[in-house]
Amino acid sequence: MQLTPRQIVAELDKYIIGQAEAKRAVAVALRNRYRRSRLPEEVREEITPKNILMVGPTGVGKTEIARRLAKLVDAPFVKVEATKFTEVGYVGRDVDSIVRDLVETSLRLVKDRMGKDVELTADQNAQERILDALMDQGKEKKKPQNPIEALLGTAREPALPPEEQEKRKSRREELRSRLLAGDLEGEIIEIEVEDSGTGETLPGTDVSVQDLMGGLLPKKKKHRRVTVLEARRILRAEEVSKLIDMDAATSEAIRRAEQDGIVFLDEIDKIAGRAQSGQVDVSREGVQRDILPIVEGSTVNTKYGPVRTDHMLFIAAGAFHVAKVTDLIPELQGRFPVHVELQPLSCADLRSILTQPENALLKQYQQLLAVDGVDIRFTEDALDAIAETAVQVNENRENIGARRLHTLIEQVLEEAAFTAGENGPETLTIDRAYVQERLGSMVKEMDVSRQII
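Bear in mind the structure is a predicted one, so any value in this text is a computation, not a measurement. (Residues numbered from 1 in each chain as written. Predicted model: local features only at pLDDT ≥ 70, side-chain atom pairs only at ≥ 80, totals over all residues. Heavy atoms only, no water.)

## Some points on the overall build of the chain
The secondary structure content of the chain amounts to 18 helices and eleven strands. For the chain, buried positions account for 38% of its 453 residues. Considering only contacts within the chain whose residues lie at least 6 apart along the sequence, 79% involve residues at least 24 apart. Only carbon and sulfur atoms are counted for the fraction: they give 50% of the accessible area of the chain, which is about 26000 Å². (Helix = DSSP H or I, 4+ residues; strand = E, 2+ residues; numbered from the N terminus. Buried < 20%, exposed > 50% of the residue type's maximum accessible area, 1.4 Å probe, protein only. Contact = heavy atoms within 4.5 Å. Areas by Shrake-Rupley, 256 points an atom, 1.4 Å probe, with all protein chains shown as cover.)

## Quick word on unusual backbone geometry
Of note, D74 is a non-glycine position whose phi angle comes to about 55 degrees, a positive value. One can find D74 in the loop between α4 (62–73) and β2 (77–81). The class for D74 is partly exposed, based on a relative accessible area of 43%. Within the chain, E267 stands out as a residue other than glycine whose phi angle is a positive 55 degrees. Looking at where E267 falls in the secondary structure, it is placed in the loop between β5 (262–266) and α11 (282–296). Judged by its relative accessible area of 25%, E267 is partly exposed.

## As for the packing of aromatic side chains
This structure, assessed with the given rule, holds zero aromatic pairs. Lying over the aromatic face of Y15, R68 brings its terminal NZ or CZ to 3.9 Å of the ring centre. (Phe/Tyr/Trp six-rings, centres within 6.5 Å; stacked < 30°, edge-to-face > 60°. Lys NZ or Arg CZ within 6 Å of the ring centre and 35° of its normal.)

## Regarding helix α1 (residues 5–13)
Buried within α1 we find I8, V9 and L12. The buried residues of α1 occupy an angular sector of 100 degrees when projected down its axis, which confines them to one face. Residues of α1 that are buried sit in contact with α2 (20–37) and α4. (Arc of directions from axis to C-beta.)

## Some details on helix α13 (residues 347–355)
Taken together, the buried positions of α13 are L350, S352, I353 and L354. On its buried face, α13 is in contact with α14 (361–370), α15 (380–396) and α16 (403–412).

## Section: the sheet that holds β2
Pairing is parallel in the open sheet, where five strands are placed in the order β2-β5-β8-β1-β9. Only two strands of the sheet have a single partner each, and these edge strands are β2 and β9 (338–341). Averaged over all adjacent pairs, the angle separating strand axes in this sheet is 20 degrees, with direction ignored. Note that strand β1 (residues 52–55) and β9 share four bridges and pair parallel. Bridging from a neighbouring strand, I52 pairs with V338 of β9. Sheet contacts for α4: β1, β2, β5 and β8 (313–318); angle to β5, the most-contacted strand, approximately 170 degrees. (Pairing = 2+ DSSP bridges. Axes fitted to C-alpha atoms, helices over the stretch in contact; angles between N-to-C directions.)

Remember that the coordinates give geometry; whether it matters functionally is a separate question.
If you want it as structure tokens, here you go:
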């Protein structure tokens, strides 16, 4: 079922506090994708996504909005930092790698979905291979005489007498019963698996020699000694890969990357030229010009084939403390027509972040410590004290937004986390006094730093 913009915002509200304007912008962008998909093909090709530029301080939810949006629609999603592409050829990365990473992500999603359709057969095949390994335990392996058989692994076992075959069949069924009952999970067996090493990559491409020659040469094998439990996981994944139609998976992955892909370009302000300096930063402007064709719409060659970027949704974000949006080159500004301002988090916002989202910080810590039998409870004034301290520390030090809460909660619960489980089940109630005691040293350091001239 396709969600309406209002429903998308409601889903984002479960995880992100505030930032209504940004949520509305991404919700409309997502809905427009669905609207476009319902149009005739000749019209559909002419409609391109309206890319979004989020402007706001760090830690206010820019990345989380984009990440949750991709999860919401199960779309291929990659997050890249624009600064990685500085000085390409020296320490930076090729800008085309954004698209290659997106296609790889898309392929994983497609293979996961297709794998669910064949998982029953894969489980059965993996079980038979585990039984083969259990049957071969303690059996001396004969080396094939023929070197071709040794290379290809096609040596055949000599035929067994009927009575020996019956014994082996009975033994196999006995092992099958124990395997299904879970009695052999810790048993160590030796299995033969494909060597996943990709080998060296051809210069200027993301294609390895193994990829190029994979259809002509047999895949390398290696032996591993693992438990039956681990063997089931490894062999099941290998069997799923064999059962999946890779041509169909690749074709679908490229289609999804092109039509549904979401690219989050973080720290785009770091590659903006600073107009106030009076000089043009050639390196930063060069990165912008390298990124421009990808955002504008181009075709990138990958090892799976050419991939078009015309209909990918690009969401860029930056704090823009020093540089301004207008410091980006005009062509790149024009490719992000939707500008959204994200607001700094207030004390009330920080307090809500502690408890309201489905993945709220305090819920996470309560669940972690409950493993050791510790029931952590926070009073209302304790939550107020943590939020107030977060605001105070952000104002007097580097403002890292909601990320500051992670630091404070760690400090508040440090002693409880260290001693949890030593005294058996217990209940720990944290109030304002407890919070102030644990965070007092941090506040004192700020007071002292104010007095230093």
